[in-house]
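Residue-level structural notes
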Amino acid sequence: MGLTAGIVGLPNVGKSTLFNAITKANVLAANYPFATIEPNVGVVEVPDARVEKLAQMYHPKKVIYTSFEFRDIAGLVRGASKGEGLGNQFLSHIRSTDAIVQVVRCFDDDEVTHVDGSIDPLRDIETILIELIFADIEVIEKRLPKLKKQASIKTEKLIAQEYELLTKLLNHLKDEMPIRTYPLNKEEKLIIKNYSFLTAKPMIYVCNVAEDELGELENDYVTQVKEFASKDKAKTVIISAKIEQELQSLDIEERNEFMNEMGMKTSGLDQLINVSYETLGLRTFLTAGEKEVRAWTFKEGMKAPECAGVIHSDFEKGFIRAETIHFDDLVEAGSEAKAKEKGKYRLEGKNYIAQDGDIFNFRFSV
């Protein structure tokens, strides 16, 4: 499943430095606005100890982790919704992502300029939020007059529902509230799905702190962001983008030693990847054998045939059954043979809802 998170923020908050660390790429990170114009794309592996364990058990020829795509999107400035800076180009890049990762500057440094002249995380968050809200308002205001004419025809029930819902969302946005904070039911989510509203996308706030503040008690800037995020139904991750970039230049032993010295149990990047994964309601199923051990991404709530379709559309079309064992049961048994002896292998049909950590062998006929 191709899922993406767009990394956004005001100019010079550490977006491209973070992206460099994520992808180990040499993306331009310059101390001036719009150093990034086209969205740079990087695909990263999702850390998963289960894959490593299965590789030890099966000794496969190939080991493949599931992946997640991050896009480094150009810095936004106040007035983007009206064409300032890169304007609509920036907004269109965000519209094509599944989630938004907003990097917020939570450190003081006189040598790194701020586009607004001072450090104020909440002002920075508000700047981007308002621009995204304005963009969504514009979409709704263009659509409502057309819907109003169609909604006047009594037979057009769905149109009337859409008109009523968009009117409510417009008022919500005008109160400077993102759509993700509006209590939408399943039917309403389907109605607005094709609009790709920017403020409906899940948001993750990344607090970029100074190197010497990582691992200490959170500073006032971070506290402010966390309090705001809790109201915004969003998660936060605290990192030092510079340290994360340094970590990627080290080999595994040096990296572990450096992290121990810094008191880091896991890297900030691993935290960000996992939080992004969780925020989008993503889960992992596994396939294992002598040829390949592999992790696959699926959405929570998907049934076995849909998971089969993640591997290949023919698997879903011709689905017969899924030979299934959970990772924990396999590890506890010690081998497939012993797991079968203990009755841990199951045959699941079309209505089985996949669980995180299921190991599947799909049977199909086309």
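Since the structure is predicted, the reported quantities are computational estimates derived from the model, not experimental observations. (Residues numbered from 1 in each chain as written. Predicted model: local features only at pLDDT ≥ 70, side-chain atom pairs only at ≥ 80, totals over all residues. Heavy atoms only, no water.)

What about the packing of aromatic side chains?
Throughout the structure, instances matching the rule amount to eleven aromatic pairs. Among the aromatic residues, ring-to-ring pairing joins Phe 285, Trp 296, Phe 298, Phe 319, Tyr 352, Phe 360 and Phe 362 into one connected group. Above the ring of Trp 296, the side-chain terminus of Arg 294 is found at 4.0 Å from the ring centroid. A cation over an aromatic ring shows up here: Lys 340 above the ring of Tyr 345, its NZ or CZ 5.1 Å from the ring centre. (Phe/Tyr/Trp six-rings, centres within 6.5 Å; stacked < 30°, edge-to-face > 60°. Lys NZ or Arg CZ within 6 Å of the ring centre and 35° of its normal.)

Some details on the environment of Met 259
As for its position among the elements, Met 259 is in helix H9 (residues 252-262). For Met 259 and Leu 247, which are twelve residues apart along the polypeptide, the C-alpha to C-alpha distance reads 8.3 Å. If we skip the residues at most four places from it in the chain, Met 259 touches Leu 247, Met 264, Lys 265, Thr 266 and Ser 267. (Helix = DSSP H or I, 4+ residues; strand = E, 2+ residues; numbered from the N terminus. Contact = heavy atoms within 4.5 Å.)

Side note on the sheet that holds strand E2 (residues 40-45)
One open sheet holds the six strands; their spatial order is E2-E4-E1-E5-E6-E7, and the pairing between them is mixed. If you trace the sheet from one side to the other, it starts and ends with E2 and strand E7 (235-239), each paired once. Each adjacent strand pair in this sheet contributes to an overall mean axis angle of 25 degrees, direction not counted. Relative to strand E4 (residues 67-72), strand E1 (residues 4-8) runs parallel, the two being bridged by four bridges. Counted as the bridge partner of Gly 6 is Arg 71 from E4. This element, helix H4 (residues 121-151), spans E1, strand E5 (99-105) and strand E6 (203-208) of the sheet and lies at about 150 degrees to E5. Contacts from helix H10 (residues 268-279) reach E2, E4, E5, E6 and E7, with the element oriented near 170 degrees to E7. (Pairing = 2+ DSSP bridges. Axes fitted to C-alpha atoms, helices over the stretch in contact; angles between N-to-C directions.)

Looking at the environment of Pro 11
With respect to the helices and strands, Pro 11 occurs in the loop between E1 and helix H1 (15-23). Each C-alpha atom of the pair Pro 11 and Arg 105 lies 10.0 Å from the other, and the pair is 94 residues apart in sequence.

As for the nonpolar core
Counting residues in hydrophobic clusters, the biggest one holds 54 residues, and the most contacted among them are Leu 18, Phe 68, Phe 70 and Leu 272. Apart from the residues within four sequence positions on either side, Leu 18 is in contact with Ile 7, Val 103, Val 206, Ile 239, Ala 241, Leu 269 and Leu 272. By size, the runner-up hydrophobic cluster in this structure holds 18 residues, among which are Ile 140, Leu 165, Ile 179 and Tyr 195. (Core = buried A, V, L, I, M, F, W, Y, C linked by side-chain atoms within 4.5 Å. Buried < 20%, exposed > 50% of the residue type's maximum accessible area, 1.4 Å probe, protein only.)

Side note on the side chain of Asn 219
Following the sequence through the fold, Asn 219 ends up in the loop between E6 and helix H7 (220-231). From its side chain, Asn 219 meets the backbone oxygen of Cys 106 in a polar contact 3.0 Å long. Non-local contacts of Asn 219, meaning those with residues more than four positions away in its chain, are made with Cys 106, Val 209 and Glu 213. (Polar contact = N/O pair within 3.5 Å; in protein donor to acceptor, adjacent residues only side chain to side chain.)

Interpretation in functional terms is not warranted from these geometric data alone.
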